[in-house]
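Structural description and commentary
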Amino acid sequence: MTTKRHEQVGLTDAQVLDMYYYMLLARKIDERQWLLNRAGKVPFVISCQGQEAAQVGAAFAMEKDRDFLCPYYRDLGLVLVFGQTARDCMLSAFAKAEDPNSGGRQMPGHFGGKKFNILTGSSPVTTQVPHAVGMALAGRMKKKDFVVYTSFGEGSSNQGDFHEGANYAGVHKLPVIFFCENNKYAISVPLKKQLACESVADRAIGYGFPGVSVDGNDPIEVYRVMKEAVERARSGQGPTLIEAVMYRLVPHSSDDDDRVYRTREEVEEAKKKDPLIVFAEYLREIGLLDEHKEADMLARVQLEVDEATEYAENAPYPTPESTMTYVYGE
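A brief look at the structure comes next. These numbers were taken from a predicted model, which means no experiment stands behind them.

What about the sheet that holds strand 6 (residues 211–215)?
With parallel pairing, the five strands of this open sheet are ordered in space as 1-2-3-7-6. At either end of the open sheet lies a strand with only one pairing partner, and these are strand 1 (68–70) and strand 6. Each adjacent strand pair in this sheet contributes to an overall mean axis angle of 20°, direction not counted. Where strand 2 (residues 148–153) meets strand 3 (residues 176–182), six bridges bridge the pair, whose relative direction is parallel. Directly across from Tyr149, in strand 3, lies its bridge partner Ile177.

Here's what the structure looks like:
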């Protein structure tokens, strides 16, 4: 029997099965939203397909009732672990009044919610990075013991917001984890045209803290690296930059045609390393997943997505009278 790698990093059998459940749920929500978009029912989709393993692995290394997230727009798997539901995600996609992120006012993928410990995101990329650093500083000033996680694409690591945030966090040894989801493309710009260094992780040394590159298709390995970063942050040793290397399996968004900048052969080759396929194979090899359990989990997830879709599609839109709520003081 294959060695249980998850036990070596402190994960239980139940936890890795939960990891697979969240990865599968994120994938099925995402796929449903693409279908709804193509049917003209939701306006926009920005996808997490191919990035679920890194997101879920990272989320499992944090304490969701204690730590804070400043995610970016692809982090569906991450926010599901922190408490958002399939219904919440569908309400957001349909821009309905009950959408917990913004009450139907924001684009999909702009996650947020005080009850989830998630800072509300905005459309300009990378602005969440200095916000995360500010939260960590506020936590230290108030003598609170929490870690702040912020994620971004490799393209965002070229923005000034990243460099300023990383520099300040490094100088003050703040409990921030910078998590780069390197999916190889900044919309249409390939990695080789973005960075002159070997990897995003190499940039950490300039700010005085560790940088680690990890296989983003392996949730167990991501969990291991992330757990070390969380422990480092909690103990006052400062930030860590983690680069999770993966591949974006679908276009940048529902408005993008990726055929103009990458070949179908490249995408098909990447699909062989689809994290859902690879992780399911591992769970089968160690005897945690069989045909019956897999079918049951898929049915459970499919039911959640179906019920969420039906509920959200029939839920009310925000009223015109509520347009200015939370925008201006009353």
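Topic: the layout of surface pockets
In this model, the largest pocket occupies a volume close to 270 Å³. Grouping the constituent residues of the lining of the largest pocket by class yields seven nonpolar, six polar and two charged. Considered as a void within the structure, the second largest pocket measures approximately 220 Å³ in volume. Taken together, 13 residues make up the lining of the second largest pocket; nearest its centre are Lys184, Met246, Tyr247, Ala270 and Lys273.

Side note on helix 7 (residues 160–172)
Between its terminal C-alpha atoms helix 7 stretches 18 Å, which fits the 18 Å expected from 13 residues at 1.5 Å a residue. For helix 7, the complete set of buried residues consists of Phe162, Gly165, Ala166, Ala169 and Gly170. The buried residues of helix 7 occupy an angular sector of 125° when projected down its axis, which confines them to one face. Opposite its buried face, helix 7 presents the exposed residues Glu164 and Val171, each directed more than 90 degrees away. On the buried face of helix 7, the contacting elements are helix 6 (128–141), strand 2, strand 3 and strand 7 (240–245). Downstream of helix 7 by a residue or two, Lys173 has a phi angle that is positive, lying close to 50°.

Quick word on the nonpolar core
One finds Ile29, Leu76, Phe179, Met226, Phe279 and Leu283 to be the most contacted residues of the largest nonpolar core, which totals 71 residues. Here this core takes twelve residues from helix 2 (residues 13–38), the largest share from any one element. Formed by 22 residues, the second largest nonpolar core is a distinct cluster that contains Ala132, Val176, Ala204 and Phe209.

Some words on the side chain of Asn183
Relative to the helices and strands, Asn183 resides in the loop between strand 3 and strand 4 (185–186). Those residues in contact with Asn183 that lie beyond four places of it in its chain are Gln51, Tyr72, Arg74, Glu154, Met246, Tyr247 and Arg248.

Some details on the packing of helix 2 against helix 11 (residues 291–314)
At a closest axis distance of 10 Å, the pairing of helix 2 and helix 11 adopts a crossing angle of 45°. As summarised for this structure, helix 2 and helix 11 are arranged oblique, according to the angle between their axes. In terms of crossing hand, the pair formed by helix 2 and helix 11 is right-handed. The residues of helix 11 that touch helix 2, namely those facing Leu17, Tyr20, Tyr21, Leu24, Leu25, Lys28, Ile29, Arg32 and Leu36, are Glu294, Met297, Leu298, Arg300, Val301, Gln302, Glu304, Val305, Asp306 and Thr309. Tallied by class, residues from the contact of helix 2 with helix 11 come to eleven nonpolar, two polar and six charged.

Regarding the pairing of strand 7
Of all six residues that make up strand 7, five are buried, and the element is covered over most of its length. For strand 3 and strand 7, the ladder comprises six bridges, and the chain directions are parallel. In the sheet register, Phe178 faces strand 7, and the bridge partner there is Leu241. As paired elements, strand 6 and strand 7 share five bridges and run parallel to each other. Along strand 7, the bridge assignment pairs Val212 with Ile242. Assessed by its sense of winding, the connection that carries the chain from strand 6 through helix 8 (residues 219–234) to strand 7 is right-handed.

Examining the pattern of salt bridges
Counted according to the given criterion, the structure contains 22 salt bridges. Close ionic contact of Asp145 with Arg66 constitutes a salt bridge, the shortest N to O distance being 2.3 Å. With Asp145 in the loop between helix 6 and strand 2 and Arg66 in the loop between helix 3 (52–60) and strand 1, this pair connects stretches of sequence that are 79 residues apart. Exposure remark for Asp145: the relative accessible area of 44% places this residue in the partly exposed category. In this structure, Arg300 engages Glu304 in a salt bridge whose closest nitrogen and oxygen atoms are separated by 3.8 Å. In this pair, Arg300 and Glu304 are both assigned in helix 11, four residues apart and thus about one turn of the helix distant. Among the charged side chains, a network of salt bridges with common partners joins Glu63, Arg66, Asp67, Asp145 and Arg234.

The rules behind each value
Residues numbered from 1 in each chain as written. Predicted model: local features only at pLDDT ≥ 70, side-chain atom pairs only at ≥ 80, totals over all residues. Heavy atoms only, no water. Pairing = 2+ DSSP bridges. Helix = DSSP H or I, 4+ residues; strand = E, 2+ residues; numbered from the N terminus. Axes fitted to C-alpha atoms, helices over the stretch in contact; angles between N-to-C directions. 1 Å grid on protein atoms, 1.4 Å probe; cavity = no way out; pocket = protein on both sides within 12 Å on 5 of 7 lines; lining within 4 Å. Points joined across faces, edges and corners; volume = space filled by probe spheres on them. Nonpolar A, V, L, I, M, F, W, Y, C, P; charged D, E, K, R; others polar. Expected span 1.5 Å × (residues − 1). Buried < 20%, exposed > 50% of the residue type's maximum accessible area, 1.4 Å probe, protein only. Arc of directions from axis to C-beta. Contact = heavy atoms within 4.5 Å. Core = buried A, V, L, I, M, F, W, Y, C linked by side-chain atoms within 4.5 Å. Parallel < 35°, antiparallel > 145°, perpendicular 65-115°, else oblique. Left-handed = near helix turned anticlockwise from the far one by under 90°. Right-handed = clockwise from strand over helix to strand, strands pointing away. Salt bridge = Lys/Arg side-chain N within 4 Å of Asp/Glu carboxyl O.

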